[in-house]
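Residue-level structural notes
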Amino acid sequence: MGLTIGVDIGGTKIAAGVVDEDGNILSTFKVPTPGTSEAIVDAIASAVEGARAGHEIVGVGIGAAGYVNRQRSTVYFAPNIDWRQEPLKDEVERRVGLPVVVENDANAAAWGEYKFGGGKGHRNVICITLGTGLGGGIIIGNKLRRGHFGVAAEFGHIRMVPDGLLCGCGSQGCWEQYASGRALVRYARQRANATPENAEYLLSLGDGTPEGIEGKHISMAARQGDAVAIDSYRELARWAGAGLADLASLFDPSAFIVGGGLSDEGELVLDPIRKSFKRWLVGAAWRPEAQVIAAQLGNKAGLVGAADLAREPDPVM
């Protein structure tokens with residue numbers, strides 16, 4: 001179909017990129033993310049116009065954090081933007097004069113990894129993103145599965161612990177409260193407070209107090225052998241692997257692709273996730289086992305995936 005534009009809506013910037021059919025980004029254009037919902041729509045249009053200069057574009061795909069309807073047109077609800085039943089497809093089409101589709105951002109990233117990254121060669125993959133929270137996407141039979149209403153794969157809000165930790169969604173015990181960047185920081189602070197003698201290096205990277213520990217400090221300390229930092233990663237991996245075992249019972253994929261910022265730590269995170277996955281996988285000693293592999297596209301996955309999904313002629317179920 002030719003060139004399409006993918007749009008990634010971030011907390012501080014909106015990035016638009018021209019992407020070819022092989023997943024290569026040919027040009028990008030970024031604008032600051034404004035503070036109001038209407039201004040964000042205008043900013044998306046500005047980013048698209050900036051990126052399309054000098055290119056013949058056939059469509060636009062937008063990755064939006066939130067619940068998107070099955071027709072890929074309306075954002076039912078966005079947690080960080082004041083969008084409620086927002087007709088984003090129509091609003092952006094009116095401004096740029098191009099066909100537009102809207103996708104959940106985690107679905108877009110999952111599709112990008114499946115098509116051009118770690119999922120190449122697989123027909124059935126489940127993607128999870130371990131970032132500040134936990135997201136994901138489902139590809140079964142080479143199709144992105146979005147559910148009847150379009151809001152499937154909100155893995156971060158599967159209840160792992162009844163009456164567990166309060167989640168920002170209003171529920172308790174959600175998976176992302178135990179396997180995410182926020183969870184990692186909480187684990188490290190709790191452990192540093194309980195046994196500061198085992199966290200001397202970790203504490204030295206911040207202000208000397210458990211409350212001063214940040215995610216980047218945990219990564220640096222773990223690579224230097226800090227016991228508390230390493231144990232914090234293991235706790236996160238225990239919960240992540242247990243959740244993947246549950247997803248294996250539901251979907252039986254050939255591979256799990258682990259993306260998001262925490263996946264940048266490589267085997268520091270992936271190796272204990274694999275061990276936990278095998279520990280909790282029902283019948284692990286007698287059944288085939290899905291691979292647990294790292295995402296390859298990094299923060300480009302959402303933009304590339306959204307652009308490619310703009311080539312899909314019909315809503316993907």
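Residues numbered from 1 in each chain as written. Predicted model: local features only at pLDDT ≥ 70, side-chain atom pairs only at ≥ 80, totals over all residues. Heavy atoms only, no water.

Going by the annotation in an unreviewed UniProt entry, the name recorded for the protein is Glucokinase, with Streptomyces anatolicus given as the source organism. Database annotation for the protein, UniProt heading Sequence similarities (unreviewed entry): "Belongs to the ROK (NagC/XylR) family." (UniProt positions renumbered as here; feature names shortened; annotations may be inferred.)

A tally of regular secondary structure across the protein gives nine helices and 13 strands. A compact globule built from 317 residues should have a C-alpha radius of gyration of about 20 Å, and the protein, at 20 Å, falls within 12% of that. Its C-alpha atoms put the protein at 60 × 50 × 35 Å along the principal axes. For the protein, with 317 residues in total, the buried portion stands at 51%. Intrachain contacts of the protein at a sequence separation of at least 6 include 62% that bridge at least 24 residues. As displayed, the protein offers around 14,100 Å² of accessible surface, 51% of which is attributable to carbon and sulfur atoms. Side chains of the protein give 31 positive and 37 negative charges; the mean places of these two sets differ by 4 Å. (Helix = DSSP H or I, 4+ residues; strand = E, 2+ residues; numbered from the N terminus. Rg over C-alpha atoms; globule rule 2.2 N^0.38 Å. Buried < 20%, exposed > 50% of the residue type's maximum accessible area, 1.4 Å probe, protein only. Contact = heavy atoms within 4.5 Å. Areas by Shrake-Rupley, 256 points an atom, 1.4 Å probe, with all protein chains shown as cover. Lys, Arg positive; Asp, Glu negative; His and termini not counted. Charge placed at Lys NZ, Arg CZ, Asp CG, Glu CD.)

Attention now goes to the pattern of salt bridges. Counted by the stated rule, this structure contains 18 salt bridges. Between Glu 235 and Arg 191 there is a salt bridge, and its shortest N-O distance comes to 3.9 Å. Placement of the pair is Glu 235 in helix 7 (residues 227-251) and Arg 191 in helix 4 (residues 181-194), with a sequence separation of 44 residues. The residue Arg 274 makes a salt bridge to Glu 267 at a minimum N-O spacing of 2.7 Å. Linked through salt bridges whose partners overlap, the residues forming this network are Asp 42, Glu 91, Arg 94 and Arg 95. (Salt bridge = Lys/Arg side-chain N within 4 Å of Asp/Glu carboxyl O.)

With 14 residues, helix 8 (residues 267-280) extends 19 Å between its outermost C-alpha atoms, agreeing within 8% with the 20 Å of an ideal straight helix rising 1.5 Å per residue. Along helix 8, the positions that sit buried rather than exposed are Val 269, Leu 270, Pro 272, Ile 273, Ser 276 and Phe 277. Considering only its buried residues, helix 8 is in contact with strand 9 (125-130), helix 7, strand 12 (255-259) and strand 13 (291-294). (Expected span 1.5 Å × (residues − 1).)

Our focus in this paragraph is the packing of helix 4 against helix 7. Look at helix 4 against helix 7: their axes get within 9 Å of each other, and the N-to-C directions meet at 135°. Relative to helix 7, the element helix 4 is oriented oblique. Helix 7 is crossed by helix 4, and the crossing has right-handed handedness. Each of Leu 184, Tyr 187, Ala 188, Arg 191 and Ala 192 in helix 4 lies in contact with helix 7, whose residues at this interface are Val 228, Asp 231, Ser 232, Tyr 233, Glu 235, Leu 236 and Trp 239. Class assignment for the residues of the contact of helix 4 with helix 7 results in eight nonpolar, one polar and three charged. (Axes fitted to C-alpha atoms, helices over the stretch in contact; angles between N-to-C directions. Parallel < 35°, antiparallel > 145°, perpendicular 65-115°, else oblique. Left-handed = near helix turned anticlockwise from the far one by under 90°. Nonpolar A, V, L, I, M, F, W, Y, C, P; charged D, E, K, R; others polar.)

If you walk across this open sheet you meet the five strands as 3-2-1-4-8, and the pairing is mixed. A single partner strand is all that each edge strand has here, and the edge strands are strand 3 (25-32) and strand 8 (100-104). Adjacent strand axes in the sheet meet at a mean angle of 20° when their direction is disregarded. For strand 4 (residues 57-64) and strand 8, the ladder comprises five bridges, and the chain directions are parallel. Looking at strand 8, one finds that Ile 62 is bridged to Val 102. Against the sheet, helix 2 (residues 88-96) makes contact with strand 4 and strand 8, and its axis sits at roughly 140° relative to strand 8, the strand it touches most. Running at roughly 95° to strand 8, helix 3 (residues 105-116) makes contact with strand 4 and strand 8 of the sheet. (Pairing = 2+ DSSP bridges.)

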